[in-house]
Amino acid sequence: MKRIIFDLTAVQPNDTGIFHGGGKYAKTVFLELIKSIPSDYLYVLYDSKQFIEEFLLYECEAYGVNILDISKHSLKELIFKYNIKIFYTSIPSYYIKEKFDNECKFVCTIHDLREIELVTDTYEIMYTKGLKNILKLFIKKYFPKIYINHQISKYYEFLKNNSTDFITVTNYSKYSLLTIFPFLKEENIQVLYSPLYTIKENSEKYISLVEEPYFLLVSGDRWVKNNYRAIKALDGLYSKGLINTYKVLLTGCKKKNIYKNHITNKDKFIFIDYVDEELLDKLYKNCYAFIYPTLNEGFGYPPLEAMRYKKPVLSSASSSLLELLEDSVLYFNPYTIIEIQNKIMQILNLQIYNKYSKKAYNRYLEVRNRQDEDLKGVIDFIVKKIK
């Protein structure tokens, strides 16, 4: 049996936030994988200088898993020192420039090709801080071909590497890979849905942030999630007196002025920072409806997390979401504020609300069944590499 490093830095904060989809994926896979690999052969990589949920380290100790700290040693040093033959990560972009050879196979999950498919957006500048990020945005906006070709070249070298083996999470992502990198073979790309991490109920932890019924949005600091257009749509409806009995709650929002400086009805909106998964789960459970105006997704956890509680979802008709959600949600063009408003008005109709509440839960159950089966597939995919 070969020794493997599982990358737990994927569950730690990155430039998309404290909690993110890649981290949720990694956490779910890891908690299942530690049951399948003898502790003598399983190592985990994390950064002691970054936040990590303590229970993950407790699980490592409970199972006798070897813990490696990348803040003290380079990945190459650790691979050599512990004679590692397999390195697995759910966020390969962290290591796309690393050189892996036949001595250590690079195994990963590719969620999306967002950096290639979605270069920028009109409102990205509002979210951009720091000279380096502003320069990057300048290149994306005025020299998009140069930027795209640079991204393609990075992935090209990575995917051409014979020591790289990967799976992906939706047919959408699979065919993005095949479209952009035609040297890949369709039969070699396995699609396994991202597993859904189940939050344990903890009623004591729930804090009521709003008494009125509310629309919920998430990931407020990420331009790709397109919350600015949704907030403008909601603000416009307030100004017309059409949704005054509802409020809006947006999580993951440190940069509140992005929104506050551009809306009229400030008292109707609640902007909060990142919340842990237990509290976010309660926010899904108690919302009136969930709005997901994202511009690009490889999979799309948030709608499913709301649909688990029979909450109607208003979603952008974008990328993987049509495959994942099928006809269970009200879709809109994410670039059109009037169309977003149209769908918000529709979901105020009780008959439409009940229809999509039922559809949401039924589709959640269908996807959840596949997620449970595909989690076994992910574990098998990894375990087979070490035997």
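Residues numbered from 1 in each chain as written. Predicted model: local features only at pLDDT ≥ 70, side-chain atom pairs only at ≥ 80, totals over all residues. Heavy atoms only, no water.

Peer 1: Hey, could you go over the overall build of the chain for me, with residue numbers and the actual values?
Peer 2: A count of helical and extended segments in the chain gives 15 helices and 12 strands. A compact globule built from 387 residues would reach a C-alpha radius of gyration of about 21 Å, and the chain, at 21 Å, matches this within 12%. When its C-alpha atoms are laid out on the principal axes, the chain stretches across 65 × 50 × 40 Å. Per-residue burial over the chain gives 56% buried out of 387 residues. When contacts within the chain are restricted to residue pairs at least 6 apart in sequence, long-range pairs at least 24 apart make up 68% of them. Per element, the accessible surface of the chain, about 17900 Å² overall, is 51% carbon and sulfur. Looking at the chain, you have 54 positive and 46 negative side-chain charges, and the mean spots of the two groups are 4 Å apart. (Helix = DSSP H or I, 4+ residues; strand = E, 2+ residues; numbered from the N terminus. Rg over C-alpha atoms; globule rule 2.2 N^0.38 Å. Buried < 20%, exposed > 50% of the residue type's maximum accessible area, 1.4 Å probe, protein only. Contact = heavy atoms within 4.5 Å. Areas by Shrake-Rupley, 256 points an atom, 1.4 Å probe, with all protein chains shown as cover. Lys, Arg positive; Asp, Glu negative; His and termini not counted. Charge placed at Lys NZ, Arg CZ, Asp CG, Glu CD.)

Peer 1: Please set out the sheet that holds strand β4 (residues 86-89) residue by residue, giving values where relevant.
Peer 2: An order of β3-β2-β1-β4-β5-β6 is seen for the 6 strands of this open sheet, with the pairing classed as parallel. Of all strands in the sheet, those bounded by a partner on one side alone are β3 (66-69) and β6 (164-168). Strand-to-strand twist across the sheet, computed as the mean angle between neighbouring axes with direction ignored, equals 20°. Where strand β2 (residues 42-46) and β3 come together, 4 bridges link them in parallel fashion. Bridge pairing in β3 places Val 44 opposite Ile 67. In the packing of helix α7 (residues 144-160) onto the sheet, contacts are made with β5 (105-110) and β6, and the angle to β5 comes to roughly 130°. (Pairing = 2+ DSSP bridges. Axes fitted to C-alpha atoms, helices over the stretch in contact; angles between N-to-C directions.)

Peer 1: Quick one: what's the story with the sheet that holds strand β10 (residues 289-292), residue by residue and with numbers?
Peer 2: Judged by pairing direction, the sheet is parallel, and its 6 strands sit side by side in the order β9-β8-β7-β10-β11-β12 without closing on themselves. Each end of this open sheet is capped by a strand with a single partner; those strands are β9 (269-271) and β12 (330-332). Here the average twist between neighbouring strands, direction ignored, is 20°. Summarising the sheet, strand β7 (residues 214-217) and β10 pair through 2 bridges and their orientation is parallel. Considered in β10, the bridge of Leu 216 is made with Phe 290. Sheet strands touched by helix α9 (residues 227-239): β7, β8 (247-250), β9 and β10. Its angle to β8, the strand with the most contacts, is close to 165°. Against the sheet, helix α14 (residues 337-347) contacts β7, β10, β11 (313-316) and β12, and its axis sits at roughly 165° relative to β12.

Peer 1: So what's going on with unusual backbone geometry? Which residues, and what values?
Peer 2: Among all residues except glycine, the phi angle is most often negative; among peptide bonds, the trans geometry is most common. Its identity as a non-glycine residue notwithstanding, Ser 319 has a phi of 45°, on the positive side. You will see that Glu 326, though not glycine, has its phi angle at about 50°, which is positive. Here Glu 326 shows up in the loop between α13 (321-325) and β12.

Peer 1: Requested: an account of the pattern of salt bridges, with residues and values cited.
Peer 2: For the coordinates displayed, the defined rule picks out 20 salt bridges. Salt-bridge contacts for Glu 326 lead to Arg 363; the nearest nitrogen and oxygen are separated by 3.5 Å. You can see Glu 326 sitting in the loop between α13 and β12 and its partner Arg 363 sitting in helix α15 (residues 350-386), a full 37 residues away along the chain. Owing to a relative accessible area of 11%, Arg 363 belongs among the buried residues under this scheme. Among the ionic contacts, a cluster of salt bridges with common partners joins Lys 24, Lys 27, Glu 53, Glu 277 and Glu 305. (Salt bridge = Lys/Arg side-chain N within 4 Å of Asp/Glu carboxyl O.)

Peer 1: Explain the nonpolar core to me, using residue names and the numbers behind them.
Peer 2: Counting 68 residues, the largest nonpolar core has Phe 6, Leu 8 and Phe 30 as the members making the most contacts within it. At 10 residues, α15 tops the list of elements feeding residues into this core. If sequence neighbours within four positions are ignored, Phe 30 has contacts with Phe 6, Leu 8, Val 44, Leu 56 and Cys 60. With 36 residues, the next largest nonpolar core counts Leu 250, Leu 330, Ile 340 and Ile 347 among its residues. (Core = buried A, V, L, I, M, F, W, Y, C linked by side-chain atoms within 4.5 Å.)

Peer 1: Run through the packing of helix α1 (residues 21-33) against α15, naming residues and quoting values.
Peer 2: Contact geometry of α1 with α15 gives a least axis separation of 10 Å together with a crossing angle of 70°. Taken together, α1 and α15 sit at an angle that is classed as roughly perpendicular. Relative to α15, α1 is oriented so that their crossing is right-handed. On α15, the residues that touch Tyr 25, Thr 28, Val 29, Glu 32 and Leu 33 of α1 are Leu 375, Val 378, Ile 379, Ile 382 and Val 383. (Parallel < 35°, antiparallel > 145°, perpendicular 65-115°, else oblique. Left-handed = near helix turned anticlockwise from the far one by under 90°.)

Peer 1: Residues and numbers for the pairing of strand β1 (residues 4-7), please.
Peer 2: When a strand is regular, its side chains alternate between the sheet's two faces. Neither face of β1 is left uncovered, since the one carrying Ile 4 and Phe 6 and the one carrying Ile 5 and Asp 7 both have all their residues buried. Each parallel crossover has a hand, and for β1 linked through α1 to β2 it is right-handed. Taken together, the 3 bridges between β1 and β4 define a ladder with parallel strand orientation. Each residue of the ladder has a partner; that of Phe 6, found in β4, is Tyr 88. (Right-handed = clockwise from strand over helix to strand, strands pointing away.)

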